[in-house]
Amino acid sequence: MTTGVTINLRADGGLERREHPLLPPRRGGALLAIERANVCGSDVHLWRGGHPTLHDCVLGHEFVGRIVDTAGTKLHDARGEWLTEGDRLVCSYFRVCGTCEMCRLGRTNLCEVAYASWGRSSLEQPHFRGAFASHYQLHPEQFTVKVPDTLPSSLAALANCALAQGLAVVDRIRADVLAGPCLVIGAGALGLSAVAGAPEGTSWDVYDRVPARRANAELFPGARALGELPPAGGTLDGHYDLVVVAAGTPEAFATALEQVRPGGQIVMMGIINTRETDAVSIRPGVLTRKGITVSSAIRYTVRHLAAAVDLLCGDTPLRRLPLAEFGLDAVADALTAAERCVSGRVSLVPDGGPR
């Protein structure tokens, strides 16, 4: 029986390389060989102990893989394209069961078993449930999109989390606020994906304290990078009709509330932790008095993942984001690079894999 490798986050915060047998996929699933896995900000948070419950799991969820085994089952992707061994694909990192109450209501991004297979220890079969590994076991309830031959894996890996999530955020934005000045807090891949997916002609200020990230934001037409925000002014004042929160700190929401103008909108996507320490003090009456809308986006739909692949096939500035690459044995270095924001994208490429 052949084996593969996982990089497991231990409960003590250390990283452990483990070898496991490559089990046959379940019916309707597939065994994938990882071609590239990006380091998402949430991977860094997990590594630093920033999740309330996940302390022993295989990291990684933003990736592109190649089918190596379907156990003889005929599969097709979300567009209806038939899949065969050797095809590359991107997939949702979460499951959509189709039968729970949320799925029946059409809210598939809120599926009640979304994370039933995510964030698992590699000691649990089928072992390969994270992308920081040589292989990945695709569950039948994860949706997929085939990657065209013309799209390199170095770009396709962005589709699964960052870009699909950014497009889901754009869907939450009211059309009327896009006509005014817009602000993104956080110039990582998530924030820039929202900029990339917004309607042409949208005027963006992109706020980030890290100079390298501000330089990445300048790659986008219609975007202006800011190292400082305009003074907040009075309690009921503001500067932007739209504020997208793509930073992972709770303080970013308080900043958004200061910066949004009366009648505007805040869309949340970067802040996901729910620990008691991840709290910020606000005055709820300010929301009422300003008459603003607060929306949030968690996960995405099939349509967003397909649109992400299509967008990456075009001439998007996301293609020009700097890329730093590491082998599987250098996971700690890759996580450190992502934490220090040394590049627009940080990728793990299994030894011998395509770049």
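For clarity, every value in this text was computed on a predicted model and none was experimentally measured.

> Provide a residue-level description of the packing of aromatic side chains, including the pertinent values.
Applying the stated criterion across every chain, the model contains 9 aromatic pairs. Between the aromatic rings of tyrosine 93 and tyrosine 115, the centroid separation amounts to 6.4 Å while the plane-to-plane angle is 20°, which identifies the pairing as stacked. Here tyrosine 93, found in the loop between strand S8 (88–91) and helix H2 (101–104), pairs with tyrosine 115, found in the loop between H2 and strand S9 (135–138); they are 22 residues apart in sequence, far enough to count as distant. Residue classification places tyrosine 115 among the partly exposed positions, given a relative accessible area of 33%. Measuring from centroid to centroid gives 5.0 Å for phenylalanine 94 and tyrosine 300, while their planes differ by 70°, and the two rings are edge-to-face. One end of the pair, phenylalanine 94, is in the loop between S8 and H2; the other, tyrosine 300, is in the loop between strand S16 (293–296) and helix H9 (302–313), with 206 residues separating them in the sequence.

> With reference to specific residues and values, describe the packing of helix H4 (residues 159–172) against H9.
H9 packs onto H4 with a crossing angle of 110° between their chain directions and a minimal axis gap of 8 Å. Classified by the angle between their axes, H4 and H9 sit roughly perpendicular to one another. Together, Ala159, Asn160, Leu163, Ala164, Leu167, Ala168 and Asp171 of H4 and Arg303, His304, Leu305, Ala307, Ala308, Val309, Leu311 and Leu312 of H9 make up the contact between the two elements.

> Break down the environment of arginine 261 for me, with residues and values.
Relative to the helices and strands, arginine 261 is located in strand S15 (residues 260–268). Residues within four places of arginine 261 in sequence aside, it is in contact with Pro181, Gly238, His239, Tyr240, Asp241 and Ile292.

> How would you sum up unusual backbone geometry? Please name residues and give values.
The omega torsion across glutamine 125 and proline 126 is 10°, close enough to zero to call that bond cis. Mapped onto the elements of the fold, proline 126 is located in the loop between H2 and S9. Of note, histidine 127 is a non-glycine position whose phi angle comes to about 80°, a positive value. In this fold, histidine 127 is placed in the loop between H2 and S9. A relative accessible area of 7% means that histidine 127 is categorised as buried.

Parameters at a glance
Residues numbered from 1 in each chain as written. Predicted model: local features only at pLDDT ≥ 70, side-chain atom pairs only at ≥ 80, totals over all residues. Heavy atoms only, no water. Phe/Tyr/Trp six-rings, centres within 6.5 Å; stacked < 30°, edge-to-face > 60°. Helix = DSSP H or I, 4+ residues; strand = E, 2+ residues; numbered from the N terminus. Buried < 20%, exposed > 50% of the residue type's maximum accessible area, 1.4 Å probe, protein only. Axes fitted to C-alpha atoms, helices over the stretch in contact; angles between N-to-C directions. Parallel < 35°, antiparallel > 145°, perpendicular 65-115°, else oblique. Contact = heavy atoms within 4.5 Å.

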